[in-house]
Amino acid sequence: MAPPSRPVPNPRIVFTKRPGNGFPVVGEHISLDNTRSIDLERVLLNGGFLTKTLLLSPEPAMRERMRDPEIRSYTTTAIVGAPLVGFGLVVVLRSEKDGIKAGDHMFGMTPFEAYTLQPYIEGRVEYKESEWPAGTFDMDSLALQVVPDPQGAFPWSRYCSILGIPGLSAFAGFEAYANAQEGETIFVSSGASGVGSMVIQLAKMKGMKVIASAGTNKKVEHMKRLGADVAFNYNMSAVSDFLREHGPLDLFWDNVGGSTLEAAIEHLTVYGRIIMCGSASEYNIGLEDRHGIKNTSYIFKKRLTVQGFLIADHAAKMAPRFFSEVPALVAQGKLVSEEHLVHGIENGPAAFVDMLKGGRALGKPVIVVAEE
Ligand SMILES: NC(=O)c1ccc[n+]([C@@H]2O[C@H](COP(=O)([O-])OP(=O)(O)OC[C@H]3O[C@@H](n4cnc5c(N)ncnc54)[C@H](OP(=O)(O)O)[C@@H]3O)[C@@H](O)[C@H]2O)c1
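Residues numbered from 1 in each chain as written. Predicted model: local features only at pLDDT ≥ 70, side-chain atom pairs only at ≥ 80, totals over all residues. Heavy atoms only, no water.

A. Representation of the site of the ligand in the model. The environment of the ligand is formed by 26 residues, the closest being Val 195, Lys 219, Tyr 234, Tyr 283 and Ile 311. Ser 190 places a side-chain nitrogen or oxygen 3.2 Å from an oxygen atom of the ligand. A distance of 2.7 Å separates an oxygen atom of the ligand from a polar side-chain atom of Tyr 283. Here the ligand, which alone exposes 910 Å², has 89% of that area covered by the protein. (Near = heavy atom within 4 Å. Polar contact = N/O pair within 3.5 Å; in protein donor to acceptor, adjacent residues only side chain to side chain. Areas by Shrake-Rupley, 256 points an atom, 1.4 Å probe, with all protein chains shown as cover.)

B. Main features of the nonpolar core. Core analysis: the biggest nonpolar cluster contains 57 residues, and Phe 174, Ile 186, Met 198 and Met 223 have the highest contact counts within it. When residues of this core are assigned to their parent elements, the largest contribution, seven residues, is made by helix H2 (residues 165–178). Not counting residues up to four positions away in its chain, the partners in contact with Ile 186 are Phe 174, Val 199, Ala 203, Met 208, Lys 209, Val 210, Ile 211, Leu 251 and Trp 253. Core analysis: the next-biggest nonpolar cluster, separate from the first, contains 18 residues, Leu 56, Leu 84, Val 353 and Val 369 among them. (Core = buried A, V, L, I, M, F, W, Y, C linked by side-chain atoms within 4.5 Å. Buried < 20%, exposed > 50% of the residue type's maximum accessible area, 1.4 Å probe, protein only. Helix = DSSP H or I, 4+ residues; strand = E, 2+ residues; numbered from the N terminus. Contact = heavy atoms within 4.5 Å.)

C. Representation of the packing of aromatic side chains within the structure. Applying the stated criterion across every chain yields a total of eleven aromatic pairs. Plain terms: the ring middles of Phe 87 and Phe 107 are 5.9 Å apart, the flat faces sit at 20° to each other, and that makes the pair stacked. Of this pair, Phe 87 sits in strand S6 (residues 85–95) while Phe 107 sits in strand S7 (residues 105–111), and the two are 20 residues apart along the sequence. By relative accessible area, which is 7% here, Phe 107 ends up buried. The structure contains a cluster of three or more aromatic residues connected by ring pairs, namely Phe 87, Phe 107, Phe 154, Trp 156 and Tyr 159. Taking the ring centre of Tyr 298 as reference, the NZ or CZ of Lys 302 above it sits at 4.6 Å. Geometry around Phe 23 places Lys 357 over its ring, the cationic atom sitting 5.4 Å from the centre. (Phe/Tyr/Trp six-rings, centres within 6.5 Å; stacked < 30°, edge-to-face > 60°. Lys NZ or Arg CZ within 6 Å of the ring centre and 35° of its normal.)

D. Highlighting the packing of helix H5 (residues 239–246) against helix H6 (residues 258–267). With their axes 9 Å apart at the nearest point, H5 and H6 run at an angle of 25° to one another. The angle between H5 and H6 falls in the class roughly parallel. Seen from above, H5 lies across H6 with right-handed handedness. Taking contact as the criterion, the partners of Val 239, Ser 240, Leu 243 and Arg 244 in H5 are, on H6, Thr 260, Ala 263, Ala 264, Glu 266 and His 267. Its residues assigned to classes, the contact of H5 with H6 shows four nonpolar, three polar and two charged. (Axes fitted to C-alpha atoms, helices over the stretch in contact; angles between N-to-C directions. Parallel < 35°, antiparallel > 145°, perpendicular 65-115°, else oblique. Left-handed = near helix turned anticlockwise from the far one by under 90°. Nonpolar A, V, L, I, M, F, W, Y, C, P; charged D, E, K, R; others polar.)

E. Spotlight on the environment of Gln 201. Along the chain, Gln 201 falls in helix H3 (residues 194–205). For Gln 201, a relative accessible area of 7% puts it in the buried group. Remark: the alpha-carbon pair of Gln 201 and Glu 175, spanning 26 residues in sequence, is separated by 13 Å. Not counting chain neighbours up to four residues away, the residues in contact with Gln 201 comprise Ile 162, Leu 226, Lys 334, Leu 335 and Val 336.

F. View of helix H8 (residues 315–331). Along its length, H8 shows its largest kink, about 40°, at Phe 322. Every buried residue of H8 is accounted for by Ala 315, Met 318, Ala 319, Phe 322, Val 326, Pro 327 and Val 330. Next to the buried residues of H8 lie H2 and H3. One or two steps after H8, the chain reaches Gly 333, where phi turns positive at roughly 75°. (Bend = angle between axes of the 7 residues up to and from the residue.)

G. Main features of the packing of H2 against H8. For the pair H2 and H8, interaxial distance at closest approach is 10 Å and the crossing angle is 110°. On the basis of the axis angle, H2 is roughly perpendicular to H8. Counting all contacts with H2, which are made through Gly 167, Leu 168, Phe 171, Ala 172 and Glu 175, the residues of H8 involved are Ala 315, Met 318, Ala 319, Arg 321, Phe 322, Glu 325 and Val 326. Taken together, the residues of the contact of H2 with H8 break down into eight nonpolar, one polar and three charged.

H. View of unusual backbone geometry. With an omega of -5°, the peptide bond running from Gln 118 to Pro 119 counts as cis. Residue placement: Pro 119 occurs in the loop between strand S8 (115–118) and strand S9 (145–146). Following Gly 247, the chain continues into Pro 248 via a peptide bond in cis, with omega recorded as 0°. Examined against the element boundaries, Pro 248 turns out to sit in the loop between H5 and strand S13 (249–254). Although it is not a glycine, Ser 190 adopts a positive phi angle of roughly 50°. Positive phi, normally seen in glycine, also occurs at Tyr 271, with a value near 65°. If you trace the backbone, Tyr 271 turns up in strand S14 (residues 268–276).

I. How the structure looks around the environment of Phe 232. Mapped onto the secondary structure, Phe 232 falls in strand S12 (residues 230–233). Measuring from C-alpha to C-alpha, the distance between Phe 232 and Gln 118 comes to 44 Å, with 114 residues separating the pair along the chain. Apart from residues lying up to four places away in sequence, Phe 232 is in contact with Phe 187, Ile 211, Ala 212, Ser 213, Ala 214, Val 220, Met 223, Ser 237, Val 239 and Phe 242.

In C-alpha cells:
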C-alpha cells in the first residue's frame, strides 16, 4: 500500500528578473519562493533520485548567468522563473539510479531549493550550447558526484570552499599556468576569497614570496595566517604604492580586474605573467563605468604573458587528481580554509547579494539549508 501523502514545504530561491548592469536586489531580481511543496515518500523518481539540500555555495559565476541573453559569454543564461543553479552538497533520500543510494552525499551543480528530483534539467548551466564553447568542457564533471564522508576530519562545508569550485579552480589554474619558481614573487588579488586563499597556499608550497590584497583588516590577518608574506587592505593602502614597495612581481593571479590589474601591470617584471581568473570589480557595473586600463602598452614593452583561465576547460582532467590529493591535505591541516556559514535558505538571497558586494565577513559564503 502506498504511504500516506505528507507534502513538506520545498522553499527555493528563484531568479525573478534580470538585474541589468547593477547588483541584483533581493525581492526584485532574486526572491524566496515558499509556495511549493513536495511529497518525499510518494514523488515518482522516474529512474532518478531525490535529494535533500544541505549546503549551497553562492558564487560569482552565477551573476554572469543573470545577464541579458543578448550578451555573449561562456555559459547559457539563467532562466527567469527558475531557481538559481549553482554548487551544493546534497544527501540522497531515495534513488532508482544505479550507483546512487539513500544516504549518499553528493556535491555538484544543483538548484537552490530544499529538495530536488534529480537529475535536474530546467534552467541548469550549459556550456556546450554557449556561443563561446569551451571545447574540452564536460558537463558531467560538474554534475552531482558522490563524495566521501570526511568522518569528522573536516566539516562538510569544505566541499563548498577549498574542496569545491574555488579550490579546484585555484588548483587547476595554478597547475596549468603558474609555472611557479622558488623565490619568485606572486601577487594574489582578493587573496581571502575561496580561490585566492587556495592560491596563496599553493604558491607558498612552491616557495614563492606572496603578496596578497583584500578589503578588510580581518581578511589581511587571515591571509597572513595562510602564509602570505605581506598582505594589505586595498581600502587603506593604494595597490600601486604597496606593490612598488614589495614588488616587482613575477606572477599576478587576478580575481578582481580593473584598477588592481592596472597596478599589477605597472609592477610586473619583464617577462612577467598574469593569470586572469576573474574580474570581481566589474561584474555589477556597465562597460561605461568600468575602470579603463591605461597601461596595456606594458604588455608588449615588458613582454608580459596574459593567460585567461576558465575552470570549465580543466575540471574533467584535473578533478580526479584534485580529489585524490587535496582532501588528505585538508584532513591533515596542511591546507586550510574558512567558510562563512549563513543559516537558512530564507537568508540565501541576501547572502548571494552580500557575496557580490564583496562580503565583509571572513570566509567563503555557504548557505546552510539543512543539517543532516
Ligand atoms: N576562471 C574561473 O574558472 C573561475 C572559477 C571560480 C572563481 N573565479 C573567480 O575567482 C574570483 C574569486 O571567486 P570566489 O568564488 O573565490 O569568491 P568569494 O570567496 O565569494 O570571494 C569574492 C571576493 O571578491 C572580492 N570582491 C567582490 N566584489 C569586489 C569588487 N567590486 N572589487 C574588488 N573585490 C571584490 C571580495 O573580497 P575583497 O575583500 O578582496 O574585496 C569578495 O569577498 C572571482 O572573480 C570569481 O569570478 C573564476
